[in-house]
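The residues making up each chain are set out below.
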Amino acid sequence: MNTFRLIVSSPDGNLFDGQAYMLTVRGSEGELAVMAGHVPFVTTVRPCNIKIELADEEADDRIGHIDGGLLTVGHDAVTLLTGQVTWQE
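Predicted model, so just to flag it, every value in this text is computed and none were measured. (Residues numbered from 1 in each chain as written. Predicted model: local features only at pLDDT ≥ 70, side-chain atom pairs only at ≥ 80, totals over all residues. Heavy atoms only, no water.)

Visitor: Would you mind going over the overall build of the protein with me for this structure?
Guide: Of regular secondary structure, the protein possesses zero helices and nine strands. The linear arrangement of helices and strands in the protein, starting from the amino end, is β-β-β-β-β-β-β-β-β. Against the 2.2 N^0.38 benchmark of 12 Å for 89 residues, the protein shows a C-alpha radius of gyration of 12 Å, consistent with a compact globule. With respect to the three principal axes, the spread of C-alpha positions in the protein is 30 × 30 × 25 Å. Counting the 89 residues in the protein, one finds 36% classified as buried. Expressed as a percentage of contacts within the protein between residues at least 6 apart in sequence, the contacts between residues at least 24 apart total 45%. Of the roughly 5,200 Å² of accessible surface on the protein, 46% is carried by carbon and sulfur atoms. With 5 positive and 13 negative side-chain charges, the protein shows a spacing of 7 Å between the two charge centroids. (Helix = DSSP H or I, 4+ residues; strand = E, 2+ residues; numbered from the N terminus. Rg over C-alpha atoms; globule rule 2.2 N^0.38 Å. Buried < 20%, exposed > 50% of the residue type's maximum accessible area, 1.4 Å probe, protein only. Contact = heavy atoms within 4.5 Å. Areas by Shrake-Rupley, 256 points an atom, 1.4 Å probe, with all protein chains shown as cover. Lys, Arg positive; Asp, Glu negative; His and termini not counted. Charge placed at Lys NZ, Arg CZ, Asp CG, Glu CD.)

Visitor: Can you walk me through the packing of aromatic side chains in this structure?
Guide: Each aromatic ring pair is described using two quantities: the centre-to-centre distance and the angle formed by the ring planes. Considering all chains together, one arrives at zero aromatic pairs under this definition. The side chain of Arg62 reaches across the aromatic face of Trp87, ending 4.0 Å from its centre. (Phe/Tyr/Trp six-rings, centres within 6.5 Å; stacked < 30°, edge-to-face > 60°. Lys NZ or Arg CZ within 6 Å of the ring centre and 35° of its normal.)

Visitor: Any chance you could explain a nonpolar patch on the surface here in plain terms?
Guide: Together, Val42, Leu70 and Leu81 line one region of the surface with nonpolar side chains, adding up to about 240 Å² of accessible area. Summarising the element assignment, Leu70 is placed in strand 7 (residues 69-73). (Patch = residues over 30% accessible without salt bridge, like charges linked within 9 Å, V, L, I, M, F, W, Y side chains within 5 Å. Salt bridge = Lys/Arg side-chain N within 4 Å of Asp/Glu carboxyl O.)

Visitor: Just checking my understanding: could you explain the pattern of salt bridges for this structure?
Guide: Should the charged atoms of two oppositely charged side chains come close, the side chains can pair. Evaluated as defined, the whole model comprises two salt bridges. Of the charged contacts in the structure, one is a salt bridge between Glu31 and Arg26, with a shortest N-O distance of 3.0 Å. The class for Arg26 is partly exposed, based on a relative accessible area of 35%.

Keep in mind that these numbers describe shape and distance, not what the molecule does.
Here you go:
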């Protein structure tokens, strides 16, 4: 299973920094999923639920709600900048 480094950051600091298998968000053009090896791009993100499928199959996926933001997919890492994340327990 290929993974990538995912950073979810807010003005208060990093809210998530770890290895992920897939990130699902709502971009400016609709729903999108990012996996390892995705072509680099930048897009705005609308308020939406996000899902982080973790690399560790034993760990529970992280699901939360964001108030929008900016998603940057690079060769080495994916960064989601947002105001805040409300994580589901």
